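Breakdown of the fold
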Amino acid sequence: MNVEVRSWLCFFYGFVLFVDITVADLSYSVAEEMRPGSIVGNIAQDLGLEVGKLSSRKARIDTDEKYLHYCEIDVKTGNFVIKERIDREELCGEKASCMLKFELVLESPLELHRISLLVQDVNDNSPVFPMDTIKLEISESAVRGARYRLNEADDADIGQNTVKQYSLERNEHFIVSVRDNADGSKELELVLDKELDREKEHDLNVVLTAVDGGSPQRSGTAVIHVTVLDANDNAPSFSQDVYKASLPENSPLDTVVVKVSASDADEGVNGEVTYDFSRIAEKAKKVFSLDSKTGEIKVTGALDFESNAKYEMRINAKDGYGLSSQSKVVIDVTDVNDNAPVIQLKSVSNPIPENAPPENAPPGTEVGIINVQDRDSENNGQVRCSIQQNVPFKLVASIKNYYSLVTTGHLDREVVSDYNITIRATDEGSPPLSSSKTVHLSVADINDNPPEFEEQSYSAYVSENNKPGSALCSVSARDPDWRQNGTVIYSLLGGEVNGAPVSSYVSVNGDTGLIHAVRSFDFEQFRSFKVQVMARDNGSPPLSSNVSVSVFISDVNDNSPQILYPAPEGNSFMTELVPKGAHGGSLVSKVIAVDADSGQNAWLSYEIVKSTDPGLFSIGVHSGEIRTQRDISESDSMKQNLVVSVKDNGQPSLSATCSMYLLISDNLAEVPELKDISYEEKNSKLTSYLIIALVSVSTFFLTFIIIILGVRFCRRRKPRLLFDGAVAIPSAYLPPNYADVDGTGTLRSAYNYDAYLTTGSRTSDFKFVSSYNDNTLPADQTLRKSPSDFADVFGDSDNSPEVSVCTNIREGSFLSHPSL
């Protein structure tokens, strides 16, 4: 029967284990107490993931906080490794299956894989008896075969590694008996094999050994101390074989859980029953206590349904002289809604990458994964999640306890750049508990907005003759995008103004949009022009927009009036005939003038500034018409000269003048020569010029005559040289730029000639015969004269004939000149 029970239990545990493993994506098993760094398995290989992408996809292991420090993934190899020593007994206690749940989280794209790790038991715990010494009091009258219950040893290991057998130290009085109960426990009894005799032995000590089934085997011992007493033939008897109780996990301290009761038919000391724990787990010892006299089990520590929902223990009832019995107590801890949901942000794209999703992402784009856990059970652990604000996001339930945070509308960073999303989780308990978590989500910018100018068009006004480099106007564009996508750069678009590139007229500052004039403008050449300015952002690809800038040039008074009729003074002679019988107000002539300026700068006014007879003629201020102010009389001069000034209305005003010549006559035959008339006005100036020219010429002529006379007088007083043949100038005197070449004379070194002079009349000639190359004279043609010959010549200077010399730089030519 026991064998069948064990078989069914093994099948049941195996089936439960199989079902638990199959719900996971991956399942591994590992022995407890493995050293840190041990490899459990290769997740990347088992899931078909690329090892090289684990790091970039931020692969990580996620689980409950109490399991988080046990395992991790090596992103370099994809191995699932032990991070910290695992103690199965500490984590799972007496549970048949110790399963740890992990989750593998991957991003880009988001993936979630569940991993189950079965922790296998190793024989790392020895059997332990509740007490090192078991005290029994047995009457000497006890008969052979009497049984005395003992507390079994506890082994924290499970399965094959738990206690399998007991042995008793060899002695002549006792043996040990072991029976298996239906619940898998063992009933241990000390059996009297030979009667006791108090007179021979008052006390006996035997060693009880418990051995487990592990490999290698571990054992534990306890000493049984038997005191031989007088007769006590009734053992205590419990009212129930199994006591069951339940209490909520929030029960206060000192709460009575259950009261066990055992009775003894004996009287006196033999009937006094005391209680103690014969077998209890370490965790149970921390939360429960047993009153040894009343049998009440009370709460002495904090209960937690989520940590341990069930406790089992054995109670021993013993009378005054050592007879005892056991009962089992099962305490179930019921769940209360004492745990609020815990919201964990498993993965989120923050800030949202440029294209995953972009700010114009379609609805339904996943941006994060939320995990919600409630440690409570049943309805207390059922959780509802919601988003509180009116934001374009929603939660979509995916895997159990997991929610995807997805978009419900298009995101526009220029409208809302950041979202604070409050997620609230509420359980189904009574009263319900809730918690909230705020997720900050930033929207990354993409270049989806071109720069926009503040105005649809711009106008600039500048006066002509402006200085190059002067500012005309400023354009400004705004780009709502962020950083480089919103940085605006200005430039001119290509074009022409009057056949020249637009860049030769204006320039724009790329950073500020300030437009400058490159050259000075002339209103008379063009009065306005348009340029196109482009504003471009720094995004990729860049976006741009254009705006038209109209430049209007205003006129300044920089042009004098131009007289078309009559011709301006000094250019030509214009004469008008006026009839002698002209009456007052008659139109005589008209002055026609224009001004290249515009506006008031071109408003012309006419005025007679000088006239032969001031009261005879008048001119229209704005028309330029010359009219008679009165009737012409015989006494009026026939020749009338008018000087007319034409002035514009600029500030300051500019003017021009012209002369009008009028002849009062009815017949051209009466008109004197036009030459006399035309130059009458200029005779005074011309006469002055003629006088000045005549005086200058006369002065120059007289000066020339005086110089000639002076030269002739000086020549008459010099000694005359009589040359009787060839003569050489003494070499003692050499003027600058002259050289003495082999005694030939003082001619310039660049030219050397033979000189021939004739004596006699004053009309003698000087002749250059030939030129010698290389600045030398032949020896046979050199003129030789001793220095003493000059003494005679200069000594008789009065009788020396005059020498006339005339030079000509042309070689081989002759020139005669009268003697001075």
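Whatever comes next refers back to the structure up there.
Residues numbered from 1 in each chain as written. Predicted model: local features only at pLDDT ≥ 70, side-chain atom pairs only at ≥ 80, totals over all residues. Heavy atoms only, no water.

**Some remarks on the state of the cysteines**
Put plainly, two cysteines are in a disulfide when a covalent bond ties their sulfur atoms together. By the definition in use, this model includes one disulfide. Between C92 and C98 runs a disulfide, and the two sulfur atoms are separated by 1.9 Å. Residues C92 and C98 are joined by a disulfide whose S-S torsion is about 65°; by sign, that bridge is right-handed. (Disulfide = S-S within 2.5 Å.)

**A short note on the sheet that holds strand 38 (residues 506–508)**
Taken in spatial order, the three strands line up as 33-39-38 in an open sheet, and their pairing is antiparallel. At either margin of the open sheet sits one strand with a lone partner, and together these are strand 33 (471–474) and strand 38. For this sheet the average axis-to-axis angle between neighbouring strands, irrespective of direction, equals 25°. Taken together, the three bridges between strand 33 and strand 39 (residues 514–517) define a ladder with antiparallel strand orientation. Within strand 39, the position partnered with C473 by the bridge is I515. (Pairing = 2+ DSSP bridges. Helix = DSSP H or I, 4+ residues; strand = E, 2+ residues; numbered from the N terminus. Axes fitted to C-alpha atoms, helices over the stretch in contact; angles between N-to-C directions.)

**Some points on the packing of aromatic side chains**
Within the structure shown, the criterion is met by 16 aromatic pairs. With centroids separated by 6.2 Å and ring planes inclined at 50°, the aromatic side chains of F238 and Y275 adopt a geometry described as tilted. With F238 in strand 15 (residues 237–238) and Y275 in strand 19 (residues 274–280), this pair connects stretches of sequence that are 37 residues apart. Looking at Y275, the relative accessible area reads 8%, which means it is buried. Judged by centre distance (6.5 Å) and plane angle (50°), the ring pair of F453 and Y490 falls under tilted. With F453 in strand 31 (residues 452–453) and Y490 in strand 35 (residues 488–492), the pair connects residues that are 37 residues apart, well separated along the chain. Here F453 matches Y490 in class, with each residue buried. (Phe/Tyr/Trp six-rings, centres within 6.5 Å; stacked < 30°, edge-to-face > 60°. Buried < 20%, exposed > 50% of the residue type's maximum accessible area, 1.4 Å probe, protein only.)

**Here's the deal with a positive patch on the surface**
Together, K66, K95, K283 and K286 line one region of the surface with positive charge. For K95, the position within the fold is in the loop between helix 3 (88–92) and strand 6 (99–106). Overall, K95 belongs to the exposed group, its relative accessible area being 54%. (Patch = residues over 30% accessible without salt bridge, like charges linked within 9 Å, V, L, I, M, F, W, Y side chains within 5 Å. Areas by Shrake-Rupley, 256 points an atom, 1.4 Å probe, with all protein chains shown as cover. Salt bridge = Lys/Arg side-chain N within 4 Å of Asp/Glu carboxyl O. Lys, Arg positive; Asp, Glu negative; His and termini not counted. Charge placed at Lys NZ, Arg CZ, Asp CG, Glu CD.)

**A closer look at the pairing of strand 27 (residues 393–397)**
Sheet analysis places strand 27 next to strand 28 (residues 402–407), joined by five bridges and oriented antiparallel. Counted as the bridge partner of F393 is T407 from strand 28. Once strand 27 ends, the chain turns through four residues before running back antiparallel as strand 28, passing N401 with a positive phi of about 65°.

**Examining a nonpolar patch on the surface**
A grouping of F701, L702, F704, I705, I708 and L709 is seen on the molecular surface, where their side chains present a nonpolar patch of about 580 Å² in accessible area. Residue class for L702 comes out exposed when judged on its relative accessible area of 53%.

**Some points on unusual backbone geometry**
Following S430, the chain continues to P431 via a peptide bond in cis, the omega torsion being -5°. Structurally, P431 is set in the loop between strand 29 (418–427) and strand 30 (434–442). Residue P566 is bonded to the preceding Y565 through a cis peptide linkage, with omega at -10°. Structurally, P566 is set in the loop between strand 42 (562–565) and strand 43 (575–578). Backbone geometry places K58, a non-glycine residue, at a positive phi of 55°. For K58, the location among the structural elements is in the loop between helix 2 (43–47) and strand 3 (60–62). Although it is not a glycine, D254 sits at a positive phi angle of roughly 70°. Structurally, the position occupied by D254 is in the loop between strand 16 (242–248) and strand 17 (256–259).

**Some points on the pattern of salt bridges**
Overall, the coordinates contain 27 salt bridges when judged by the stated rule. The shortest N-O distance in the salt bridge between R149 and E187 comes to 2.8 Å. Placement of the pair is R149 in strand 9 (residues 147–150) and E187 in strand 12 (residues 186–192), with a sequence separation of 38 residues. We note that R149, like E187, is buried. Measuring nitrogen to oxygen at the nearest pair gives 3.3 Å for the salt bridge that ties R413 to D445. Linking R413 in the loop between strand 28 and strand 29 with D445 in the loop between strand 30 and strand 31, this pair joins segments that are 32 residues apart in sequence. The same class applies to R413 as to D445, namely buried. Here the residues in one salt-bridge network are R147, R149, R179, E187 and E189, joined through shared partners.

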